[in-house]
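What the coordinates show
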Amino acid sequence: RALVVMKDVSKVFSSGTVALTGMSLTVNGGEFVSLLGPSGCGKSTALRIIAGLGDTTTGTIDWPSSRINAKGLPEGDISFVFQEPTLMPWATVFGNVYLPLKLRGVSKHAAYDDIMAALTRVGLKDFVDAYPRELSGGMKMRVSIARALVTKPKLLLMDEPFAALDEITRQKLNDDVLRLWKETGITVIFVTHSVFESAYLSNRIVVMKARPGRVHADFPLITSLERD
Ligand code: ADP
Ligand code: ADP
């Protein structure tokens, strides 16, 4: 069951930079895909297009399993985690995780169980009332993951999410993401330039090359990475 079908996509920015040419990629439900490649090869551009956050210059992007809104974009199935957690400093952990549901018109009362479930998943249920300034970098990132999960997306997109964290925190968070993937039915696309990370995390590695950005190799990993 395909969640994302990218066909022959190119992306040329107004600056003239050709970020992608002839990029095709199909991601099926349940996969954990690493998008691996050197800086500047177009990983973020591809991920933004997959999220519906950026348009293509030529080629097509489809989300065959999603409800499509009037703008032709998928409604509600996709969450994005960026390298910067971008939490609202004036809101508590609870308020930050509530935000995506608030934007959908869900009351705090109705959202409560989902918020607590998302925070429990990332090990932060005891920190609901804390403010972002009271949290470490790793904890802020966990809040950001909880915020992405609270809408119960089918597809979680992560753009070098832990690159700014120290090695130990990063490894802990990698384990958390792996556990999350194993325990839920979620599909993950994880952008990284770390060969180690891609081998550790995913069950499929899509290697991109630069100038012009496109898929260079695409292979399944035979590892112990299987859902129970
Ligand atoms: P990666 O995520 O692999 O580092 P990006 O997708 O961020 O690569 O960038 C691909 C290329 O497109 C780079 O040369 C980058 O400088 C360029 N680029 C990215 N975003 C923009 C933009 N908004 N305007 C112009 N050029 C951009
Ligand atoms: P990390 O980024 O992995 O959370 P830290 O060294 O900042 O690394 O924190 C280590 C652990 O200490 C955290 O995972 C958390 O369990 C706990 N911790 C961090 N900040 C606080 C805090 N403000 N209050 C209580 N416990 C905290």
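Our structure's up above, just so we're on the same page.
We now turn to the structure provided with this report. Note that the structure is predicted; figures quoted are calculated from it, not measured. (Residues numbered from 1 in each chain as written. Chains lettered and ligands numbered in written order. Predicted model: local features only at pLDDT ≥ 70, side-chain atom pairs only at ≥ 80, totals over all residues. Heavy atoms only, no water.)

**Topic: the site of ligand 2**
Condition: Put simply, a residue is near a molecule or strand once any heavy atom of it comes within 4 Å of that molecule or strand. Two N or O atoms count as a polar contact when they lie within 3.5 Å, although within protein this holds only if one can serve as hydrogen donor and the other as acceptor, and sequence-adjacent residues are included solely when both atoms are side-chain atoms. To be clear on the numbers: accessible area is Shrake-Rupley with a 1.4 Å probe, and residue cover counts the displayed protein chains and nothing else. In this text, helices come from DSSP runs of H or I with a minimum length of four residues, and strands from runs of E with a minimum of two, each type numbered from the N-terminal end. Lys, Arg, Asp and Glu make up the charged group, whereas Ala, Val, Leu, Ile, Met, Phe, Trp, Tyr, Cys and Pro make up the nonpolar group; the residues left over, Gly among them, are polar.
All residues adjacent to ligand 2 are Phe127, Glu134, Ser136, Gly138, Met139, Thr169 and Lys172. Here a nitrogen atom of ligand 2 and a backbone polar atom of Glu134 are 2.8 Å apart. Side-chain polar atom of Thr169 to an oxygen atom of ligand 2: 3.5 Å apart, as the coordinates give it. In isolation ligand 2 has 530 Å² of accessible area, and contact with the protein removes 46% of it. Mapped by element, the contributors of at least two residues to the shell around ligand 2 are α4 (137-149) and α5 (167-183). In terms of residue class, the shell around ligand 2 is built from two nonpolar, three polar and two charged.

**Focus: the pairing of strand β5 (residues 78-81)**
Applicable threshold: Only protein chains enter the accessibility calculation, which uses a 1.4 Å probe; a residue whose area is less than 20% of its type maximum is buried, one above 50% is exposed, and one in between is partly exposed. When DSSP finds two or more bridges between a pair of strands, those strands are recorded as paired.
Of the two faces of β5, the one holding Ile78 and Phe80 and the one holding Ser79 and Val81 are both buried throughout. Inspection of the sheet shows β5 paired to strand β6 (residues 155-159) by four bridges, in the parallel sense. Bridging across to β6, Ile78 finds its partner in Leu155.

**As for the site of ligand 1**
Around ligand 1, the structure places Phe13, Ser15, Thr17, Ala19, Pro38, Ser39, Gly40, Cys41, Gly42, Lys43, Ser44 and Thr45. Between an oxygen atom of ligand 1 and a side-chain N or O atom of Thr45, the distance comes to 2.5 Å. Tallying contributions element by element places helix α1 (residues 43-51) first for the shell around ligand 1, with three residues.

**A look at the nonpolar core**
Counted only if it meets this: Throughout this description, the term nonpolar core refers to a set of buried Ala, Val, Leu, Ile, Met, Phe, Trp, Tyr and Cys residues connected via side-chain atoms within 4.5 Å. Whether two residues are in contact is decided by their heavy atoms: any pair within 4.5 Å suffices.
Ile115, Ile145, Leu156, Met158 and Phe162 are the most contacted members of the largest nonpolar core, which has 39 residues in total. Counting only elements with at least two residues in this core, the list comes to α2 (93-103), α3 (108-121), α4, β6, α5 and β7 (187-192). Residue contributions to this core peak at seven residues, all from α4. Beyond its immediate chain neighbours, meaning those up to four positions away, Phe162 contacts Met141, Ile145, Arg170, Leu173, Asn174, Val177 and Phe190.

**Considerations on α1**
Where burial is concerned, most of α1 is hidden: seven out of the nine residues are buried. Three or more residues of α1 are buried, namely Lys43, Thr45, Ala46, Leu47, Ile49, Ile50 and Ala51. Directly after α1, the chain includes Gly52, whose backbone phi takes a positive value near 80 degrees.

Taken by themselves, the reported measurements are silent on function.
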